[in-house]
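Structural features, examined
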Amino acid sequence: MNEEFLPFARPSISRAAIDEVVACLESGWITTGPRVQKFEEALKSYLGAPHVLSLSSATAGLHIALVALDLKPGDEVITTPMTFAATLNTIVLAGATPVLVDVEPHTYNMDVAQIDRRINARTRAIMPVHFAGLPVDLDPLYRLAEKHGLRVIEDAAHAIGTEYKGRRIGAFGDTQVFSFHPNKNITTGEGGAITTRDEKYAARLALLRFHGMDREAWNRFGKTGSQHYEIVEPGYKYNMMDIQAALGLHQLPELDGFIQRRTALAERYQRLLADWPQWSLPRAPSYAHRHAWHLYTPLINPDAAGCDRDGFMQAMKERNIGTGLHYRAVHLYPYYRARFGFKPGDYPASESIGNRIVSLPLFPTMTEAEQDRVVTAMRDIFGMRR
């Protein structure tokens, strides 16, 4: 096979971003410092958010967003089984119990209509997931949260640049957590950010982000800083480094262009695969939105395809094409079955999606010729005439 391996995702990093990282290394200040501050200000401007805290990961953001609620044993957080394990893991690590709501079968997002029946006196928060960059229907969700006095923590790991009814995720609502992992729409290597409109909550998050210390290294070791600090409460080591922010400063201005290219490729997949019985394609909701297309995730129909999802992924690998699995339904992992008694059949839409979902290659520098190569390989696997 002469063709190079085509990955399912590839970050787009400019020469200017690489030069910024080199300049950061040469500056002598590589941990949290001036570039992190500048990146946070850029995120505030882009998102329209009054408070932004950069972090070592989105997982860190979900964790401290929950810890800051001072959850007690028996408290519950409502979320979805169709997500990466970090969503549920952080709920458990923060001391609460995950309560699940099944997803809409065609958008893979939390079915908001099912939330109300899961709310009780122990419920403290709702954690929707904007799956693959498609926003959850937030208006009815926030009405429910306001009615019951609940915090909303949006898992927006896929959703930097996503819009709901003309507003960017992060510009309104309660709290949002974004990811800058290498396969996301922008990257800082690893990293994430949390946004909120609550000033007191933001101050608490800032403490939890860095040891519970009332000032970070940039405030202590700079020319005008003081070596003295106070530990206000036990915190974590979740800060972003300037090396990471150096990438982010150049990634963020390119985000809208990245999304435009991802959208063009996703829409082309939708056209090219529209009549294939082997696939059930993602569908758009009726409300106004901008999909960030972090992932393109059709569902394989095994009877028509002649193979299951795992067989298909292996066949693509043999043709030097990468695919992704995002995600298996989290409630069926051994820990969650043993700890909380989840079992097959509890959330049928999530389970069906988790058994059939595939992430096809999608990234800004992907060419139409590379996309045609993906489609040609699938025709070969399914025994279709060209």
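Now for a quick tour of the structure. Remember, it's a predicted structure, so these values are computed and weren't measured experimentally.

Rules used in this analysis
Residues numbered from 1 in each chain as written. Predicted model: local features only at pLDDT ≥ 70, side-chain atom pairs only at ≥ 80, totals over all residues. Heavy atoms only, no water. Helix = DSSP H or I, 4+ residues; strand = E, 2+ residues; numbered from the N terminus. Rg over C-alpha atoms; globule rule 2.2 N^0.38 Å. Buried < 20%, exposed > 50% of the residue type's maximum accessible area, 1.4 Å probe, protein only. Contact = heavy atoms within 4.5 Å. Areas by Shrake-Rupley, 256 points an atom, 1.4 Å probe, with all protein chains shown as cover. Pairing = 2+ DSSP bridges. Axes fitted to C-alpha atoms, helices over the stretch in contact; angles between N-to-C directions.

**Notes on the overall build of the protein chain**
Per the secondary structure count, the protein chain includes 14 helices and 12 strands. Computed over its C-alpha atoms, the radius of gyration of the protein chain comes to 21 Å, within 12% of the 21 Å expected for a compact globule of 386 residues. Counting only C-alpha atoms, the protein chain reaches 70 × 55 × 40 Å along its principal axes. Here the protein chain, with 386 residues, has 56% of them falling under the buried criterion. Considering only residue pairs separated by 6 or more positions, the protein chain has 71% of its internal contacts joining residues 24 or more positions apart. Accessible area of the protein chain: about 16,300 Å², with a carbon and sulfur share of 51%.

**What to know about the sheet that holds strand 11 (residues 289-290)**
Here we have three strands laid out as an open sheet, ordered 7-6-11, and antiparallel in their pairing. A strand with exactly one partner marks an edge of an open sheet, and here the two such strands are strand 7 (167-168) and strand 11. Here strand 6 (residues 163-164) runs beside strand 11; their pairing, made up of two bridges, is antiparallel. Pairing of Tyr164 across the sheet is with His289, part of strand 11.

**As for the sheet that holds strand 8 (residues 175-179)**
One key point about sheets: their strands pair by backbone hydrogen bonds, in either a parallel or an antiparallel sense. Spatial ordering of the open sheet is given by 1-9-8-5-4-2-3, a layout of seven strands whose pairing is mixed. Single-partner strands in this sheet number two, and they are strand 1 (51-55) and strand 3 (97-100). Within the sheet, the average angular offset between the axes of one strand and its neighbour, ignoring direction, is 25°. Of the pairings in the sheet, the one linking strand 2 (residues 76-79) to strand 4 (residues 123-126) comprises three bridges and is parallel in character. Residue pairing across strands places Ile78 opposite Ile126, the latter belonging to strand 4. Strands strand 1, strand 2, strand 5 (151-156), strand 8 and strand 9 (192-196) of the sheet are contacted by helix 3 (residues 58-67), whose axis makes an angle of about 160° with strand 8. Each of strand 2, strand 3 and strand 5 touches helix 4 (residues 85-93); the most contacted strand, strand 3, lies at about 140° to it.

Structural measurements only, silent on function.
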